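Letter by letter, the chains look like this.
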Number of protein chains: 2
Amino acid sequence: MNDVIGILGGGQLGLMLIQAGIDWNLVIHCLDPDPQASCKDLCTQFTVGSLTDYDTVYQFGQGVDVLTIEIEKVNVDALEALEREGKRVYPQPSVIRQIQDKRVQKAFFRQYNLPTADFVLTDDRAHVARIVAEQPDLLPAFHKLGRDGYDGRGVQRIATPADADKAFGAPGVLEKAVDFDKELAVIVARNERGEVQTFPTVEMVFHPDLNLVDYLFAPADIAPDVNEQAQKLARRTAEAFGIVGLLAVELFLDKAGNVLINEVAPRPHNSGHHTIRANRTSQFEQHWRAILNLPLGNTSAHGPAAMINLLGEPGHTGPAVYEGLETLLAMPGVSPFFYGKAQTRPGRKMGHITVLDESLDGLREKAEVVKASIRVVSNLTA
Amino acid sequence: MNDVIGILGGGQLGLMLIQAGIDWNLVIHCLDPDPQASCKDLCTQFTVGSLTDYDTVYQFGQGVDVLTIEIEKVNVDALEALEREGKRVYPQPSVIRQIQDKRVQKAFFRQYNLPTADFVLTDDRAHVARIVAEQPDLLPAFHKLGRDGYDGRGVQRIATPADADKAFGAPGVLEKAVDFDKELAVIVARNERGEVQTFPTVEMVFHPDLNLVDYLFAPADIAPDVNEQAQKLARRTAEAFGIVGLLAVELFLDKAGNVLINEVAPRPHNSGHHTIRANRTSQFEQHWRAILNLPLGNTSAHGPAAMINLLGEPGHTGPAVYEGLETLLAMPGVSPFFYGKAQTRPGRKMGHITVLDESLDGLREKAEVVKASIRVVSNLTA
């Protein structure tokens, strides 16, 4: 714990990693291109610079003993060079490289027999058009950019052969759409000595009208055998990658009761934010335990929890104002977290709210009240 | 929550206040005489300076909107001047003044009929000698310095009239020793609008051989009527002071089953550290809620907890080394907290460990193992 740690990225995940690291006096340097990044005042040393530039990442890594990430879009060549020079880089650069490219990620799932939606790797738009003409039962499908997609960007729905002109011009994956019943997620941690620990399975509850994640619910409301499938698949995936650190595994539960792997992220994840308040060990503490090769913590929950993302209100851009905060703070078991972002934009992740309650129904009700109570707006409307 | 907040003191209590404040992006300045204070890297702005010097405190207060403390030995005249100029100072300077001097504190308890051990205010050593000669049934007693006592310093036991020459030469309180069964504590929060909320009663378990607080146990193992006495007395005390902020109320349970007030502290307290992991709202978040006039949080516990102070090992002075940390991290429900102090000294508070377990017996067992596992030492022995 006397090592100097570097985090590539200084956003909200870095912020919550630093907050957890205070318990153990961790000395943490951050690199982020945004001079106003969430972490700027809280890390021991803050460097403004590109995460994708070889020299910048290499230089930053020279000043630390252990390197980790809070975002996977980073310069892996630099991380590999640092690793060769003896720096401890977790997750390993080789794992980041596999996950960075959705094409490699999907091929990896197939190679290791990790059940996943059927797919074809595509080179360009013409290739997509040819595939959908030849294999119409792959439709409806999603065309996903191999690299640089993020939070819904880089994904196009291809419902009919005519939609092929909406496909990306760059290398991608054409993936059969899963007719799913639920979207689940399991966060796994693995340390250097190979100890593996999973968090309880969570469920993303979708808005009945809009096709948007409305809130997260932990534990997932699923049959025990489905839970076992999800937990085992997540663990197998982490072991297949041999990752050291956290792996967030997003899953589909299809209408036939099968659990399929959707995609993975080699870092703390939005689907684990509730663990700060709801679990004996948070995902952020668990990440430190994993990458510092310490024994992994007990992930059991104190009780059921919900998590609601706090997104910038549509039509509002500018200095952020949190409306309705008092109502929310007056509700027992409701904890808001803000990410220190001065400016709001429509749909920007500005914070999250954790809700605890003894009963599942109480939790759903409270989550509805919370969602109706708070808005992130700006006095300057866009 | 957009206010700039100043904390007088930058030790471990300030550190844990800052850590809790990250959830809400609080902007926090710290003043501490020690350039190596725990908070130095984590507060938004750190100032090195005396907490007892009028000009230093006044100047520091000019740069903030809300002022609070993590130690009560501060320049109250400066705080009063700042309050007159419209700064929000919580706890109120008038309350800090009453609590700073144990003589005023004890007189306050008597004035408000808050049950407390019998006592006499004393001027000097000769006065103490005269009192014990005249009132032998006050013995055994403790002579406490009115001002500047801290963590056991400034207290002398007076068992017989001959011990009077051990009394302090300065104004103090001669207080009849309570033949107590248990030492209890209740942390109370009160906000500006007069809302009051208590944390569950905790118990300090003493070492069977040494006369030292061995660990804290929450909730206290006491009869329901004793608990009600403790909770009510703590609440009445906070209301009598009219404090805005946290008030830690230390109590004796005497052999006859009466709860007596021992002393109070107007700030987060060692007896509330377990609340970070064990309760729905921690004492640190509750302090922010109270002084920012927000609704107070739910203080209920997830389950029983113990807290063990991590003190510097006798005979060890120098750069701190934590022995046995791995054993401890491998135990489920055991969470160490370190205070970022580079140097250890015999008896210095270096951190604490929170232990959670479903059962009270499991908790006691784990606490024993924890105590036996970890030591704060230095390679340079004193």
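Just so you know, these numbers come straight off a predicted model, no measurement behind them.

Draft legend 1. How the structure looks around the UniProt feature "binding site: ATP" (unreviewed entry) in chain A. Residues and elements named next belong to chain A. Here, the residues flagged by UniProt with the feature "binding site: ATP" (unreviewed entry) are K102, K144, E175, K176, A177, V178, E183, N262 and E263. Among the structural elements, K144 can be located in strand 7 (residues 141-145). Discounting chain neighbours no more than four positions away, the residues touching K144 are K102, G154, V155, F168, G172, V173, E175, N262 and E263. Residue position: K176 is located in strand 9 (residues 172-176). Apart from residues no more than four positions distant in its own chain, K176 is found in contact with A117, D118, D137, L138, L139, P140 and A141.

Draft legend 2. Quick peek at the packing of helix 2 (residues 54-62) of chain A against helix 3 (residues 76-84) of chain A. Residue and element names in this part refer to chain A. One way to put it is that helix 2 packs onto helix 3 with a least axis distance of 8 Å and a crossing angle of 35°. In the crossing of helix 2 with helix 3, the sense of the turn from one axis to the other is right-handed. Where helix 2 abuts helix 3, its residues Y54, V57, Y58, G61 and Q62 lie against D77, A78, L79, A81 and L82. Along the lines of polarity and charge, the residues of the contact of helix 2 with helix 3 split into seven nonpolar, two polar and one charged.

Draft legend 3. Representation of unusual backbone geometry. Residues and elements named next belong to chain A. The residue after A218, namely P219, is reached through a cis peptide bond having omega 0°. On the secondary structure map, P219 appears in the loop between strand 13 (213-218) and helix 7 (224-241). At N25, a residue that is not glycine, the phi angle is positive and equals roughly 55°. Summarising the element assignment, N25 is placed in the loop between helix 1 (12-21) and strand 2 (27-32).

Draft legend 4. Just the pairing of strand 15 (residues 259-265) of chain A, in detail. All names here are of chain A. Counting buried positions along strand 15 yields six of seven residues, so the element is predominantly enclosed. With six bridges joining them, strand 14 (residues 245-254) and strand 15 adopt antiparallel strand pairing. When the bridges of strand 15 are listed, L253 appears paired with V259. Between strand 14 and strand 15, which pair antiparallel and follow one another directly, the connecting turn spans four residues, one of which, G257, has a positive phi of 90°.

Draft legend 5. Broad picture of the nonpolar core. W288 of chain A together with W288 of chain B are the most contacted members of the largest nonpolar core, which has 93 residues in total. Every residue in contact with W288 of chain B, bar those within four places of it in the chain, is listed here: I5, I7, L17, A20, G21, W24, L26, I28 and T68 of chain B.

Draft legend 6. Examining the domain arrangement of chain A more closely. All names here are of chain A. Per the domain assignment, the segments making up chain A are domain 1 (4-89), domain 2 (118-176) and domain 3 (180-378). Distance from the C-alpha centre of domain 1 to the C-alpha centre of domain 3: 23 Å. Contacts between the two partners involve 19 residues from domain 1 and, on the opposite side, 21 residues from domain 3. With both sides pooled, the region where domain 1 packs onto domain 3 buries about 1,800 Å², and carbon together with sulfur makes up 70% of that total. Where domain 1 packs against domain 3, one counts one salt bridge. The salt bridge partner of E72 is R267, with a shortest N-O separation of 2.5 Å. Put simply, domain 1 and domain 3 have five residue pairs in polar contact (both at pLDDT 80 or more) between them. For the side of domain 1 that touches domain 3, the elements supplying multiple residues, two or more each, are strand 1 (4-8), helix 1 and strand 4 (66-69).

Calculation criteria
Residues numbered from 1 in each chain as written. Chains lettered and ligands numbered in written order. Predicted model: local features only at pLDDT ≥ 70, side-chain atom pairs only at ≥ 80, totals over all residues. Heavy atoms only, no water. UniProt positions renumbered as here; feature names shortened; annotations may be inferred. Helix = DSSP H or I, 4+ residues; strand = E, 2+ residues; numbered from the N terminus. Contact = heavy atoms within 4.5 Å. Axes fitted to C-alpha atoms, helices over the stretch in contact; angles between N-to-C directions. Left-handed = near helix turned anticlockwise from the far one by under 90°. Nonpolar A, V, L, I, M, F, W, Y, C, P; charged D, E, K, R; others polar. Buried < 20%, exposed > 50% of the residue type's maximum accessible area, 1.4 Å probe, protein only. Pairing = 2+ DSSP bridges. Core = buried A, V, L, I, M, F, W, Y, C linked by side-chain atoms within 4.5 Å. Domains from an automatic or database assignment. Buried area = accessible area lost by both parts, 1.4 Å probe. Salt bridge = Lys/Arg side-chain N within 4 Å of Asp/Glu carboxyl O. Polar contact = N/O pair within 3.5 Å; in protein donor to acceptor, adjacent residues only side chain to side chain.

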